[in-house]
Each structure stands twice: as structure tokens, then as C-alpha cells.
Amino acid sequence: MTQPPTPGQQPDRQPTAPGPAPTLTVVIPAYNEETTIGRALDALVAQGDQIDEIIIVDNNCTDGTVAVAQAHEAAGRLRIITEEEPGLIPARNAGIAAAKTPIVARIDADTVVQPGWAQSIREFFATADPEFGAALGPFEQYDMPLQGLQRFMVRVASDTKKDAGVQEARGVYGANMAVRKTAWETILPALHEGRGIWEDSDISLSLHGAGIKIAMLPGMKVQVSGRRMLSSRKSYFEYTASLPRTLRAHGLTKQARVSWIGVWLVRAMYFAVWIPTRSFDPVSRKHSVRRIFSDHEDRIIP
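A quick note: this is a predicted structure, and the numbers were derived from the prediction, not measured.

### Notes on the sheet that holds strand 12 (residues 222–224)
The strands that make up a sheet are held in pairs by hydrogen bonds between backbone atoms, and each pair lies either parallel or antiparallel.
At step 1: Sheet architecture is open: 3 strands sit in the order 5-12-7, paired in mixed fashion. Two strands in the sheet have a free side with no partner beyond their single neighbour: strand 5 (112–113) and strand 7 (139–141).
At step 2: Relative to strand 12, strand 7 is paired through 3 bridges, and the arrangement is parallel. Of the residues in strand 12, the one forming a bridge with E140 is Q223.

### Notes on the pattern of salt bridges
At step 1: Enumeration according to the criterion identifies 5 salt bridges in this entry.
At step 2: Of the charged contacts in the structure, one is a salt bridge between D108 and R106, with a shortest N-O distance of 2.5 Å.
At step 3: With a shortest N-O distance of 2.0 Å, E199 and R106 are connected by a salt bridge. Of this pair, E199 sits in helix 7 (residues 199–209) while R106 sits in strand 4 (residues 103–107), and the two are 93 residues apart along the sequence.
At step 4: The class for E199 is buried, based on a relative accessible area of 7%.

### Brief notes about the packing of aromatic side chains
At step 1: A complete count under the given rule lists 9 aromatic pairs for this structure.
At step 2: Ring centres of F139 and Y173 lie 4.4 Å apart, and the angle between their planes is 20°; this geometry places the pair in the stacked category. Of the two residues, F139 is situated in strand 7 and Y173 in the loop between strand 9 (166–168) and strand 10 (176–180); the sequence distance between them amounts to 34 residues.
At step 3: Relative accessible area serves as the criterion here: at 23%, Y173 is assigned to the partly exposed category.
At step 4: Aromatic pair Y270 and F271: ring centres 5.3 Å apart, planes at 75°, arrangement edge-to-face.

### A short note on the confidence of the model for the chain
At step 1: Per-residue confidence for the chain gives a mean pLDDT of 85; residues scoring 70 or more make up 81%.
At step 2: Within the model, the stretch residues 1–16 combines pLDDT values under 50 with 10 contacts to residues more than four positions away or in other chains.

### Quick word on the pairing of strand 1 (residues 24–30)
Each regular strand shows side chains that alternate between the opposite faces of the sheet.
At step 1: Taking burial as the measure, the 7 residues of strand 1 include 7 buried ones, the bulk of the element.
At step 2: Because side chains alternate across strand 1, one face comprises the buried residues L24, V26, I28 and A30, and the other comprises T25, V27 and P29, equally buried.
At step 3: Bridge analysis of strand 1 against strand 4 gives 4 bridges, and the strand direction is parallel. Each bridged residue has a counterpart across the sheet, and for T25 the counterpart in strand 4 is V104.
At step 4: Sheet analysis places strand 1 next to strand 2 (residues 53–58), joined by 6 bridges and oriented parallel.

### Things to note about the nonpolar core
At step 1: Among the nonpolar cores identified, the biggest contains 35 residues, and I28, L41, L44, I56, W117 and I121 are the most heavily contacted of them.
At step 2: Looking at this core, the elements with two or more residues in it are strand 1, helix 1 (37–45), strand 2, strand 4, strand 5, helix 4 (117–127), strand 6 (132–136) and strand 12.
At step 3: It is helix 4 that contributes the most residues to this core, 5 residues altogether.
At step 4: Counting 25 residues, the second largest nonpolar core, distinct from the first, contains I81, I187, L191 and I203.

Rules used throughout
- Residues numbered from 1 in each chain as written.
- Predicted model: local features only at pLDDT ≥ 70, side-chain atom pairs only at ≥ 80, totals over all residues.
- Heavy atoms only, no water.
- Pairing = 2+ DSSP bridges.
- Helix = DSSP H or I, 4+ residues; strand = E, 2+ residues; numbered from the N terminus.
- Salt bridge = Lys/Arg side-chain N within 4 Å of Asp/Glu carboxyl O.
- Buried < 20%, exposed > 50% of the residue type's maximum accessible area, 1.4 Å probe, protein only.
- Phe/Tyr/Trp six-rings, centres within 6.5 Å; stacked < 30°, edge-to-face > 60°.
- pLDDT = per-residue confidence, 0-100.
- Contact = heavy atoms within 4.5 Å.
- Core = buried A, V, L, I, M, F, W, Y, C linked by side-chain atoms within 4.5 Å.

What follows is the structure, encoded as C-alpha cells:
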């Protein structure tokens, strides 16, 4: 018979017994994404039966986004729902609420999951310690130059450490995250819905506040668009200012003040890579002076 631990002694952590891989839903909030969502859906459908359902959240689209999604319905497992309240956060919440599986992944409409992505998520949560309620994976930008710099920045941002063989991460990334439905329901009351909030930082802080760990899964790879770097200076500055606002919303006033150092470093990088990014043609993978002076549309969020 196993003896109970003596007072003050920590019980031995027993590995979770392998079980059937949990079912998985993928949620994609979408607002006018007809140029990107088709590629995202193609990659998800290619994952086969590793994904049980794909939910597209139509957040008042006025272009052909819904038509592109409907063209993929024949592949099965795809459902389109509508969220009339404008904004990424209401759309995200509606999609996750509609999911019926124990694991829900959330990606952007420009995210292209790589082979083995869904399998990596399901296998991890089938055996993971219950303390791990969320996961993220590495990403690269498929339409931006400086790939080596991107990989370095991802490693730095991930800030991982080993925990019983699992890479524990500091936070999730909105374009490539997965969460247990039970963990999501736990943190939902703590999440913020106002504009000017970094939703992935908001989720990360809420997970940490609830004592829920986040795992970095090397097999959960995606490619995403770097179109945010093509935004105007005003738009990009407004976007980066969301981090201090998010920290203040969680009562982290001191951290919010300190975070401005990182904000200005990111803004400086925006200027440093302005010419390489704006001159880069993602189709030819070459640079052109003409592209520097061409129009680049800001990423619009409803």
C-alpha cells in the first residue's frame, strides 16, 4: 500500500496515464478575410480527422469571406456562425462558446497550420498534467523577409523552461493557441472586452492568475502573415500601446510602466525594418524599390 506523504512533504507526481486523444475544435474569428481564409481552411482540411470541427465566426463581413468558407463546407466538419457585436474579442468568445469539444484551438484567418499541427495538440492534452490548460506553438511569417530574425524573436518571446519534460511558456499567441474548455471557462470571467486590449496577453495573464500552466509544443507549427508590419505608423503605434493598457486592466500598474520600454523597442524595430518589409514581394521573394512607394492597406479590426 502506498503510504501518505508526511506533513510538509510533497506527494510524488504520477504521470498521467495515456488515454484516447481528446476531440478538437478550431475557431477562426473573421472580418473581411477573403484573401487569406481560403489558404487557412485548406491547411486545416488537410489535417484530416485530427480536427473534429472548424467554426468560422462571421463578424459582419462585407466581402467574400463567407462565400470562401461556404466553398469549404463540402469537406465537412465546418460550421459558420455569426457574431454581430464588432470586434475580435466578441467573435472569439462566440466561437469558443459554440465549441463542443474538450480542446479548442484558436487561430487567425491568415494562419496556415503545418502538417502534424492538430495531432500535436491532441496527443499533448491526452497525456498532459492537468495543470497544463493551454498550449501554443512556434510560428513564422510567410510573407515577410528576415526569416532568421523572426525565428530568433519567437524563441525569445516564448521564454520557455522545462517542467517534467514539457516546455512551459510564458504566454499564448492569439494566432496559434489551444486551450482546455474547462480552463477557458475558468478564466472567462477575468477576461476584458474593451478595445485597446491585447487579447493574447489578457488570456495569458488570466491563465497565470488562475494557476493554469501553458505549454510550448514544437509540433504545433504555423505560418502567419506579417501584414501588421505594413500598417501605418499611427496604426502600429496604437496597436503596440495596447500592452500597457492590458497590464493596467489587470491591476499591474508598475509592470505597465516598465512595459513601455519594450513597446518603444518594438516601435524602433518597426522603423529599422521598414524598408526591407515594404520593399519585399512575398510571391517572388525579392525586393523592389517600387513596392516601397506603393499603397499598403492597414489591417482593419472592426
